[in-house]
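A structural walkthrough
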Amino acid sequence: MTDTTRREVLGWLAGLGAAAVLAPSPASASVGVTALRGVTLVDSAGTRPNATIVLADNRILAVGSCDLPLPRGSTVLDLAGKFVIPGLWDMHVHGAYLDRITLPLCLVNGVTGIREMWGFPPIYALRERIERGEVFGPKLVVGSSIIDGPHSTLPGAQIVATPEEGRQAVREAKTQGADFVKVYSYLDRATLAAIADECAQQDITFAGHCSDHVALGDASDLGQRTFEHMYGLPLATSTQETQLRQAIADLPLDPANPFAWFRKVLDFERQAALTHSRPKAVKLANLLRRNGSALCPTMVAMRVYSSPADRFANDPRMRYMPAFYRDLWRDGLKNWAPVTPPEIREQAEFLKRRMDQVAEMHDHGVEILVGTDAGNPYVFSGFSVHDELELLVQAGLSPHQAVKAGTRNARLEPGQTANLVVLDGNPLNDIRNTQRIHTVLTRGRTLGPAERRQMLADVEKAAQEPFPTAVRTCC
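In this text, all values refer to a predicted model and were calculated from it rather than measured experimentally. (Residues numbered from 1 in each chain as written. Predicted model: local features only at pLDDT ≥ 70, side-chain atom pairs only at ≥ 80, totals over all residues. Heavy atoms only, no water.)

For the rest of this paragraph, the subject is helix α14 (residues 383–395). Its 13 residues give α14 an end-to-end C-alpha distance of 19 Å, which sits within 8% of 18 Å, the value for a rise of 1.5 Å per residue. Of all 13 residues that make up α14, 10 are buried, and the element is covered over most of its length. Among all positions of α14, only Phe 383, Ser 384, Val 385, His 386, Asp 387, Glu 388, Leu 389, Leu 391, Leu 392 and Ala 395 are buried. Downstream of α14 by one or two residues, Gly 396 has phi in the positive range, about 140°. (Helix = DSSP H or I, 4+ residues; strand = E, 2+ residues; numbered from the N terminus. Expected span 1.5 Å × (residues − 1). Buried < 20%, exposed > 50% of the residue type's maximum accessible area, 1.4 Å probe, protein only.)

Structure follows, in structure tokens:
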């Protein structure tokens, strides 16, 4: 973070169309200029106390000391004792189409960017409406329809049975306007390779689940950009990987009950976590880092799926969810939740081991993304980003490393988009301070305490209205 001179401030204002002149007296600006004064800045570069950050035209105009000269007419927010971080991202979301629920819940929680992991035409249209200013919402990056192989456990997935069908699915995704291709658990190696090759030809990335039929490192070599939910990680770092992969290959599949096969694979993953190899982990981390592949562990969702079904049922944030979600989420956990005390202990230990592996990957330079799987049981748009940050710290990341992950390594410097979150406490002392939000600034708007309270009240009211029950969620 470097100081901005007064001459640079006025020059940038002129470039924005402001009536700014280089003169000894402060200039008047015809564009709205807002200054946050007396704050401590916290970003990927570190911290800077007692600073001023100047915003105009939804951009950071200047960063300087507390006495940085300002144009006449600037709106000054005196925020001594407050902390400012870049806007947060949720890199694994479902439910953007519930725009009166998902979008405002993200914004009031300081989440100014989301990656929607199941795209279809209405969400592509919503993305454009947000960018045109017709809908107030976070930056929206949208995937394709979920592409999966035969016997998929996911109702509504786009099933591809051959490499050519995989290629066609990529072409369709590109034509429809997807920002990336989403792949899933049942794709075989030949089809995933064809999808990867077609993505390269179409200049589009692919991301999603690690296929149960393809090792994580092999999928990374094919070009998969992100791996969700920690799937495939225990197998890839196990001393028993060869034997367990053979067991998966030999596992019979009942087309009438494909989830039984999926759950058995998860049990093999649990067994793999018990035979973790640090040398294999280092080798895998080096490969992922070299290929530019990232992990999006969604620990907050995996914690729900690893817990008794009723553990989170009375979460007070349920009041912001559509009423039908209570039944939908309860029923959605029936195939997942552990029941007996031994099952509960096993799943808790499995989650802990996977979280340890995420921290290990991070320690060896693998990029970790903050994603929640919002829309799945008891994972709440906006709110659960802060839960995920807390879990990253519990896993072993420092608070600063968690903030960097949650903000995608953003810097608070001139020229950057003005997505900012003002906090009442220092997140580097306690990551839970990211929940102590005072103000959110995004898309040229300032959401202070009163505005955020009203937005939450509006969401709570909207949640009581009828919604279509055809809801797309997935893990």
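Turning to helix α16 (residues 449–463), a few remarks are in order. Over its 15 residues, α16 extends 21 Å from the first C-alpha to the last, a length consistent with the 21 Å expected when each residue adds 1.5 Å. Within the span of α16, buried status applies to Arg 452, Met 455, Leu 456, Val 459, Ala 462 and Ala 463. Along the axis of α16, the buried positions cluster into a sector of 125°, meaning they face one direction only. Away from the buried face of α16 by more than 90 degrees, exposed residues Arg 453 and Lys 461 are located. Packing partners of the buried residues in α16 comprise α2 (99–108), α14, β15 (437–442) and β16 (445–447). (Arc of directions from axis to C-beta. Contact = heavy atoms within 4.5 Å.)

To continue, consider the UniProt feature "domain: Amidohydrolase-related" (unreviewed entry) in the protein chain. The feature "domain: Amidohydrolase-related" (unreviewed entry), as given by UniProt, occupies residues 83–446 in the numbering adopted here. The span residues 83–446 shows a helical share of 44% and a strand share of 15%, and its end C-alpha atoms are spaced 16 Å apart. (UniProt positions renumbered as here; feature names shortened; annotations may be inferred.)

What follows covers the pairing of strand β7 (residues 111–116). The buried fraction of β7 is high, at six of six residues. Of the strand pairs in this sheet, strand β6 (residues 88–93) and β7 are connected by four bridges, and their pairing is parallel. Counted as the bridge partner of Trp 89 is Gly 113 from β7. Taking the sense of rotation as the criterion, the β-α-β connection linking β6, α2 and β7 turns out right-handed. Two strands pair when backbone bridges link them, and β7 and strand β8 (residues 139–148) are joined in this way by four bridges, in the parallel orientation. Note on β8: the bridge partner recorded for Arg 115 is Val 141. (Pairing = 2+ DSSP bridges. Right-handed = clockwise from strand over helix to strand, strands pointing away.)

Look at helix α8 (residues 241–250) against helix α9 (residues 258–273): their axes get within 10 Å of each other, and the N-to-C directions meet at 170°. Taken as axis vectors, α8 and α9 run roughly antiparallel relative to one another. Of α9, the residues touching α8 (which contributes Leu 244, Ala 247 and Ile 248) are Trp 261, Val 265, Phe 268, Gln 271 and Ala 272. Taken together, the residues of the contact of α8 with α9 sort by class into seven nonpolar, one polar and no charged. (Axes fitted to C-alpha atoms, helices over the stretch in contact; angles between N-to-C directions. Parallel < 35°, antiparallel > 145°, perpendicular 65-115°, else oblique. Nonpolar A, V, L, I, M, F, W, Y, C, P; charged D, E, K, R; others polar.)

Here we come to the pattern of salt bridges. Per the counting criterion, the structure on display carries 31 salt bridges. The partner of Glu 465 in a salt bridge is Arg 100, with the nearest N and O atoms 2.8 Å apart. Of this pair, Glu 465 sits in the segment after α16 while Arg 100 sits in helix α2, and the two are 365 residues apart along the sequence. Its relative accessible area of 30% is what places Glu 465 among the partly exposed residues. Exposure remark for Arg 100: the relative accessible area of 46% places this residue in the partly exposed category. Look at the salt bridges and you will find they share partners, linking Glu 164, Arg 167, Arg 171, Asp 197 and Glu 198 into a network. (Salt bridge = Lys/Arg side-chain N within 4 Å of Asp/Glu carboxyl O.)

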